[in-house]
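# Examination of the molecular architecture
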Amino acid sequence: MRYVSTRGRAPALDFEQAMMTGLARDGGLYLPEAMPMFSADEIARFEGLPYEEVARRVVRPFVGDSFSDTELREAVARAYAGFDHVARAPLVQLAPGHHLLELFHGPTLAFKDFAMQLIGQLFQLALARSGQRVTILGATSGDTGSAAIEAFKGLSNVDVFIMYPHGRVSEVQRRQMSTPADANVHALAVDGTFDDCQARLKDLFNDHDFRDAVGLAGVNSINWARVLAQIVYYFSAAVSLGAPHREVDFTVPTGNFGDVFAGSIARTMGLPIGKLVVATNQNDILHRALSGGEYRVGTARPSISPSMDIQVSSNFERALWLAYGQDGKAVSRLMEELQSGGFAISQGALQALRETYVSGRASEEETMAMIATIRAETGEVICPHTAVAVKVAREHLRPGVPMISLSTAHPAKFPDAVEAAIGIRPALPPHMADLFEREERITRIENDADAIKSLILERRTV
Ligand SMILES: *Cc1c(COP(=O)(O)O)cnc(C)c1O
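Looking up the protein in an unreviewed UniProt entry gives the name Threonine synthase, with the organism given as Paracoccus thiocyanatus. As recorded by UniProt, the Sequence similarities (unreviewed entry) comment attached to the protein reads in full: "Belongs to the threonine synthase family."

Here it is as structure tokens:
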């Protein structure tokens, strides 16, 4: 399988190259040139299979010759062995016709582990083969960073540098990044917002001399392999509720558009997803774009669902590329317009987007209220991101069509917001119970590409 850039001016790559690179050299994002399809029979046979086997079957056609069947099977097995639920991504019923898909049973308690644990395994295979050393650089609004650190800490041929917005992640999120003692782990607190971190990340990747000098590799949700790993649970969940014989809807709490975009790929591959509901918090650029057709950047306002405090939603570029009929020139033009604040989506593209996505938003008050409602109605304690999804999902329920809301983090990652909503402070699971006693290591750094470059050159261990 060949991967092409959304901006149409970078060389086509195979799966391994696209994974190791992350961002394309023309600033674009990689996508498969053509999507593999599954027949209804093939999907029906997923029923009752272990999660790992569904993962192997879904991922297989995308990796081509990059990894053998055995390598892939073993990588998948190792990736999910550390999860503390045997179903990996269990469904919990919230109400008749409405289910939660719990994606927080991995080592860092958020759905990011699904992709990052698998990427960690595939990187190790690729690096062992090539003898290469890499510097992983990530920007995080909170959960990607810890998931990446967890997946790559202690590896001898990798350094991992994670930039997060200083003061804008939860204490649990910060400690998950700052407490691993491994010398190859570097947590950078940037004086800025998540969008600043993401912009600096792009600066460094677009500096090709620096990129080559340190072997820069990206594992942000712009990395195609991350999106790929997330396609799997759409299949496993939908099949559990009757697909392919029955349509299902999903609601996805959305920031960088990686998770919900993975759902759209599952749909393209033949999974009968009716609606994909994009749920945003008060940082609602995606809801405004999908409902009004204008993608206009505002300022990110800190919220109680910080992993979604995003204005420039990287993976939306992939959805635009598909909606514009894979026209790299058109996407390049839009991204240039974005430099000066935003763009209008063409009528045709907007129509194409609306065939797949609908959207809604939840305010801070609505999010808090939904945490309390779900507690009262079901006894379940949900995190604020999940509450955003549940609130928006309830506005999009359809008779006879099951709705699956993605539960993206464990409530104990956001204890302050949960406690404010229901008066109960959710406890961390046993493997993390001493998180607040562990020693922290953080480097505070200004929001400046050169400063970040110097630090990386100085701290690199490989
Ligand atoms: C990252 C994250 C999201 C948003 O996912 P995207 O793929 O960026 O849209 C939602 N909830 C939680 C808990 C997250 O960590």
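### Examining the pairing of strand β7 (residues 185-190)
Of all six residues making up β7, six are buried, and the element is well covered by its neighbours. Here β7 shows no split at all, with Val185, Ala187 and Ala189 on one side and His186, Leu188 and Val190 on the other all buried. Bridging between strand β6 (residues 158-165) and β7 involves six bridges; their strand directions are parallel. Across the sheet, the residue bridging to Ile162 is Ala187, located in β7.

### Section: the site of the ligand
Taken together, 15 residues lie around the ligand, and Lys112, Asp143, Gly255, Asn256 and Thr408 are the ones closest in. One of the side-chain nitrogen or oxygen atoms of Lys112 is found 2.6 Å away from an oxygen atom of the ligand. At a separation of 2.8 Å, an oxygen atom of the ligand approaches a polar backbone atom of Gly255. Across the complex, the protein chains shield 98% of the 390 Å² of accessible surface that the ligand would expose by itself. When atoms are counted within 2 Å of each cavity's grid points, the one that captures over half of the ligand is the largest cavity. Here the shell around the ligand is built from residues that sort into five nonpolar, seven polar and three charged.

### Some points on the packing of helix α16 (residues 364-378) against helix α17 (residues 384-394)
Contact geometry for α16 and α17: axes closest at 8 Å, N-to-C directions at 85°. On the basis of their axis angle, the class for α16 and α17 is roughly perpendicular. Residue-level inspection shows Glu366, Thr367, Met370, Ile371, Thr373, Ile374 and Glu377 of α16 in contact with α17, the latter providing Pro384, Ala387, Val388, Val390, Lys391 and Arg394.

### Let's talk about the sheet that holds β6
If you walk across this open sheet you meet the five strands as β8-β5-β6-β7-β15, and the pairing is parallel. The strands lining the two open edges of the sheet, one partner per strand, are β8 (216-218) and β15 (443-445). This sheet shows a mean twist of 30° between the axes of neighbouring strands, independent of strand direction. With three bridges joining them, strand β5 (residues 134-139) and β8 adopt parallel strand pairing. In the sheet register, Thr135 faces β8, and the bridge partner there is Leu216. This element, helix α8 (residues 194-206), spans β5, β6, β7 and β8 of the sheet and lies at about 150° to β5.

### A few points about the nonpolar core
Counting residues in hydrophobic clusters, the biggest one holds 114 residues, and the most contacted among them are Tyr234, Phe235 and Phe250. Looking at which element gives the most residues to this core, the answer is helix α10 (residues 224-240), with 13 residues. Setting aside residues up to four positions removed in sequence, Phe250 forms contacts with Tyr234, Ala237, Ala238, Ile273, Lys275, Leu276, Val277, Met403, Ile404 and Leu406. Counting 24 residues, the second-largest nonpolar core is a separate cluster that includes Phe161, Met163, Phe205 and Ala449.

### What about the UniProt feature "domain: Tryptophan synthase beta chain-like PALP" (unreviewed entry) in the protein?
When the UniProt feature table is mapped to this numbering, "domain: Tryptophan synthase beta chain-like PALP" (unreviewed entry) covers residues 101-331. When the span residues 101-331 is considered, its composition is 45% helix and 18% strand, and the gap between its end C-alpha atoms is 33 Å.

### With respect to the pattern of salt bridges
Any two side chains of opposite charge can pair, given that their charged atoms come close. On inspection of all chains with the given rule, the structure shows 31 salt bridges. As a salt-bridge pair, Arg398 and Glu247 come within 3.0 Å of each other at their nearest N and O atoms. Linking Arg398 in the loop between α17 and β14 (403-407) with Glu247 in the loop between α10 and β9 (248-253), this pair joins segments that are 151 residues apart in sequence. Overall, the relative accessible area of 28% leaves Arg398 in the partly exposed class.

### A closer look at helix α15 (residues 347-356)
Regarding α15, the residues found buried are Ala349, Leu350, Leu353 and Thr356. Seen end-on, α15 carries its buried residues on one side only, within an arc spanning 115°. Turned more than 90 degrees off the buried face of α15, the exposed positions are Gln347, Gln351 and Glu355. Contact partners of the buried residues in α15: α11 (258-268), β10 (273-280), α12 (285-292), α13 (316-323) and β13 (357-361).

Here is what the cut-offs are and how they apply
- Residues numbered from 1 in each chain as written.
- Predicted model: local features only at pLDDT ≥ 70, side-chain atom pairs only at ≥ 80, totals over all residues.
- Heavy atoms only, no water.
- UniProt positions renumbered as here; feature names shortened; annotations may be inferred.
- Buried < 20%, exposed > 50% of the residue type's maximum accessible area, 1.4 Å probe, protein only.
- Helix = DSSP H or I, 4+ residues; strand = E, 2+ residues; numbered from the N terminus.
- Pairing = 2+ DSSP bridges.
- Near = heavy atom within 4 Å.
- Polar contact = N/O pair within 3.5 Å; in protein donor to acceptor, adjacent residues only side chain to side chain.
- Areas by Shrake-Rupley, 256 points an atom, 1.4 Å probe, with all protein chains shown as cover.
- 1 Å grid on protein atoms, 1.4 Å probe; cavity = no way out; pocket = protein on both sides within 12 Å on 5 of 7 lines; lining within 4 Å.
- Sits in = over half its atoms within 2 Å of the grid points.
- Nonpolar A, V, L, I, M, F, W, Y, C, P; charged D, E, K, R; others polar.
- Axes fitted to C-alpha atoms, helices over the stretch in contact; angles between N-to-C directions.
- Parallel < 35°, antiparallel > 145°, perpendicular 65-115°, else oblique.
- Contact = heavy atoms within 4.5 Å.
- Core = buried A, V, L, I, M, F, W, Y, C linked by side-chain atoms within 4.5 Å.
- Salt bridge = Lys/Arg side-chain N within 4 Å of Asp/Glu carboxyl O.
- Arc of directions from axis to C-beta.

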